[in-house]
Amino acid sequence: MRDKYQIEIEMKINSFVDGYVFSAKDFTDIADTDPTNKALSRLNESGKIRRIIQGIYDKPIYSKLLKEYSSPNIEMIANALARKFSWTIAPAGETALNYLHMSTQISNKWSYISDGPYRTYDVGDYQIEFKHCANKEVSGRSLLTVSIIQALKYIGKNNVLEEDKKRLALTIPVEEKNQILEEAKTTTSWIYKIIKEVCLEKNSIT
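The rules behind the values
Residues numbered from 1 in each chain as written. Predicted model: local features only at pLDDT ≥ 70, side-chain atom pairs only at ≥ 80, totals over all residues. Heavy atoms only, no water. pLDDT = per-residue confidence, 0-100. Contact = heavy atoms within 4.5 Å. Axes fitted to C-alpha atoms, helices over the stretch in contact; angles between N-to-C directions. Helix = DSSP H or I, 4+ residues; strand = E, 2+ residues; numbered from the N terminus. Left-handed = near helix turned anticlockwise from the far one by under 90°. Pairing = 2+ DSSP bridges. Polar contact = N/O pair within 3.5 Å; in protein donor to acceptor, adjacent residues only side chain to side chain.

## A few points about the confidence of the model for the protein chain
In the predicted model, the protein chain carries a mean pLDDT of 92, and 96% of its residues have values of at least 70. Every residue in residues 202-206 scores below 50 in pLDDT, and together they form seven contacts with partners more than four places removed in sequence or on other chains.

And the structure:
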């Protein structure tokens with residue numbers, strides 16, 4: 001017999017978009033961790049949700065064409081872990097390039113910087129890596145600003161091509177350029193120089 005917590009938790013899950021990833025932390029408005037974990041475990045056993053790794057579940061997407069459930073969304077898993085542990089995260093390395101549409105290369109490792117500890121999680125053929133960084137790298141900056149800084153850092157000072165700048169320019173919404181310029185002021189000088197070149201209208205890249 002379902003208890004009232006499970007009914008409320010199941011109703012909330014039903015409101016999620018297909019593919020959404022979550023943990024017990026996402027139901028603190030309904031119940032404490034222990035009853036939530038029990039409810040999620042029962043829902044997993046019944047096939048209504050899918051356990052991805054310990055404590056992390058999703059509302060799986062069923063493909064009528066393939067007649068099977070789609071693989072879980074790695075980016076959503078990373079965000080669910082961040083919510084679970086109260087981390088602030090942002091894409092790093094190749095993941096930042098993909099996030100900004102500066103690269104189409106798909107890697108088996110998804111990298112994020114985090115104000116939490118260093119952690120790795122294996123999800124099927126993929127690995128999610130959280131690399132600890134100084135709080136100043138992620139605090140007071142938008143996800144987009146941090147991602148731009150991390151992408152340029154990954155490419156390297158002497159390796160940023162005009163093509164990279166053009167792709168970056170296409171990614172940045174016009175209305176966010178001033179905010180990015182302000183937030184990036186304290187980053188490494190060569191990175192800020194490129195950000196200015198991309199964001200300032202007088203030096204806009206066409």
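That was the structure; now back to the text.
## Focus on the packing of helix H5 (residues 143-155) against helix H8 (residues 189-199)
Here H5 crosses H8 at 115 degrees, and the two axes come no closer than 10 Å. H8 is crossed by H5, and the crossing has right-handed handedness. Residues Ile-148, Ile-149, Leu-152 and Lys-153 of H5 touch H8, and the partners they reach there are Trp-190, Ile-191, Ile-194 and Ile-195.

## With respect to the sheet that holds strand S1 (residues 21-22)
Reading across from one edge, S1-S3-S2 is the order of the three strands in this open sheet, with antiparallel pairing throughout. Of all the strands in the sheet, just S1 and strand S2 (50-53) have a single pairing partner and so form its edges. One ladder, built from two bridges, connects S1 with strand S3 (residues 56-58); its direction is antiparallel. Along S3, the bridge assignment pairs Phe-22 with Tyr-57. Running at roughly 45 degrees to S3, helix H2 (residues 33-45) makes contact with S1, S2 and S3 of the sheet.

## Some points on the side chain of Glu-10
Along the polypeptide, Glu-10 turns up in helix H1 (residues 4-15). Within polar-contact distance, the side chain of Glu-10 engages the side chain of Lys-48 at 2.9 Å.

## Side note on the environment of Ser-71
Here Ser-71 is to be found in the loop between strand S5 (68-69) and helix H3 (74-85). In this structure, the C-alpha to C-alpha distance between Ser-71 and Ile-52, residues 19 residues apart in sequence, is 9.7 Å.

## Brief notes about the sheet that holds strand S7 (residues 109-114)
Either a parallel or an antiparallel arrangement is found when strands of a sheet pair, and the pairing is made through backbone hydrogen bonds. Pairing is mixed in the open sheet, where four strands are placed in the order S6-S7-S9-S8. Both outer strands of the open sheet, strand S6 (89-91) and strand S8 (119-123), are each paired with one neighbouring strand and no more. When the angles between neighbouring strand axes are averaged without regard to direction, this sheet yields 25 degrees. Sheet topology note: the S8/strand S9 (residues 126-132) ladder contains five bridges and is antiparallel. In the sheet register, Thr-120 faces S9, and the bridge partner there is Glu-129. Against the sheet, H3 engages S6, S7, S8 and S9, with an angle of about 40 degrees to S9.

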